[in-house]
Amino acid sequence: EAQVTQNPRYLITVTGKKLTVTCSQNMNHEYMSWYRQDPGLGLRQIYYSMNVEVTDKGDVPEGYKVSRKEKRNFPLILESPSPNQTSLYFCASSLGGGGETQYFGPGTRLLVL
Amino acid sequence: AQKITQTQPGMFVQEKEAVTLDCTYDTSDPSYGLFWYKQPSSGEMIFLIYQGSYDQQNATEGRYSLNFQKARKSANLVISASQLGDSAMYFCAMREPNWRNNAGNMLTFGGGTRLMVKP
């Protein structure tokens, strides 16, 4: 089944404790992206990647890192999480970066205390 | 300035009636794309419809159609014959090229409209 998976789905952590949210897709998509969703703000793009080793900042990259060492994986790293990073995070992928449909993962709900 | 504006935070529609969800956008790039997504209460994001800036005709997908008015920079979603299952958040989004490097395109979302279908 074609899908985007994220892990974990739910996470409670404390300020400053490094964490990684994994994202994997099995559709051989080139384009992958991370978003955060906050009430009233819609989804905001954190980082995106057009292909392996090609990444770029979105609208809200501060406090996040990403890597794209393999085509299928695009982990999101929070080196030192802070409470303002409490949010719902989505990973998405598409065949390219154009008009193709973006397939979204199920979301990761993160609470930083 | 907001790149994507959805002015209706919430809307009601009677079942079986049509409803229009507004979306205006702001870009100076001639090449862009517009998307609509649905997010039900379960949280997943579901792609509905896409319109490219060079497309001559308005996009349609089943009960969904996109009223694309390029000069006015609007891309309203029309849902015909509303169903109870259409109750959800709806997001308009725009893809623009990123000319800073070749990392691809950025996708910007509006704040969303919550649609509630009344039986």
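Before going into details, it helps to say that this report is about the structure given with it. (Residues numbered from 1 in each chain as written. Chains lettered and ligands numbered in written order. Predicted model: local features only at pLDDT ≥ 70, side-chain atom pairs only at ≥ 80, totals over all residues. Heavy atoms only, no water.)

## A few points about the overall build of chain A
Put simply, the rule reads: Strands here are runs of E lasting at least two residues and helices are runs of H or I lasting at least four, both read from the DSSP assignment and numbered beginning at the N terminus. A 1.4 Å probe rolled over the protein chains alone gives each residue an accessible area, and that area as a share of the maximum for its type sets the label: buried under 20%, exposed over 50%, partly exposed in between. What makes two residues a contact is simply this: any of their non-hydrogen atoms within 4.5 Å. Asp and Glu count as negative and Lys and Arg as positive, but His and the ends of the chain are not part of the count. Charge coordinates come from a single atom per side chain, which is NZ of Lys, CZ of Arg, CG of Asp or CD of Glu.
Check the secondary structure of chain A and you find zero helices and 11 strands. Reading chain A from its N terminus to its C terminus gives the helix and strand order β-β-β-β-β-β-β-β-β-β-β. Structurally, chain A occupies a C-alpha span of about 35 × 30 × 25 Å along its principal axes. Residue burial in chain A is summarised as follows: out of 113 residues, 51% are buried. Considering only intrachain contacts with a sequence separation of at least 6, the fraction spanning at least 24 residues in chain A is 54%. The distance from the centre of the 12 positive side-chain charges to the centre of the 10 negative ones in chain A is 7 Å.

## Overview of the sheet that holds strand E1 (residues 4–7) of chain A
Residues and elements named next belong to chain A. Quick reminder of the rule: At least two DSSP bridges between two strands are required for those strands to pair.
Pairing is antiparallel across the open sheet formed by four strands, whose spatial order is E1-E3-E8-E7. Because the sheet does not close on itself, it has two edges, and the strands there are E1 and strand E7 (65–66). As paired strands, E1 and strand E3 (residues 19–25) are joined by four bridges and run antiparallel to one another. When the bridges of E3 are listed, Asn7 appears paired with Thr22.

## Description of the pairing of E3 of chain A
Residue and element names in this part refer to chain A. Of all seven residues in E3, five are buried, a share of seventy percent or more. Note: E3 against strand E8 (residues 76–78), three bridges, orientation antiparallel. Considered in E8, the bridge of Thr20 is made with Ile77.

## Observations regarding the side chain of Asp29 of chain B
Residues and elements named next belong to chain B. Filter applied, for reference: Every case where a carboxyl oxygen of Asp or Glu lies within 4 Å of a side-chain nitrogen of Lys or Arg is listed as a salt bridge. For the purposes of these results, a polar contact is taken to be a pair of N or O atoms within 3.5 Å, where, inside protein, one atom must be able to donate a hydrogen and its partner to accept one; residues adjacent in sequence count only when each atom of the pair is a side-chain atom.
For Asp29, the location among the structural elements is in the loop between strand E4 (24–25) and strand E5 (33–39). Although Asp29 is buried, it forms no salt bridge, and the closest oppositely charged side chain is Arg95 at an N-O distance of 7.4 Å. Among the polar contacts made by the side chain of Asp29, one reaches the main-chain amide nitrogen of Ser31 at a distance of 3.0 Å.

## Quick notes on the pairing of strand E10 (residues 88–97) of chain B
Residue and element names in this part refer to chain B. Summarising burial for E10: 10 of the 10 residues are buried, a large majority. Pairing of E5 with E10 involves seven bridges; the strand directions are antiparallel. By the bridge assignment for E10, Leu34 is matched with Met94. With three bridges connecting them, E10 and strand E12 (residues 113–118) associate as antiparallel partners. In the strand pairing of E12, Tyr90 is matched with Thr113. Direction of pairing for E10 relative to strand E11 (residues 105–109): antiparallel, over a ladder of five bridges. From the neighbouring strand, Arg95 faces E11, where its bridge partner is Leu107.

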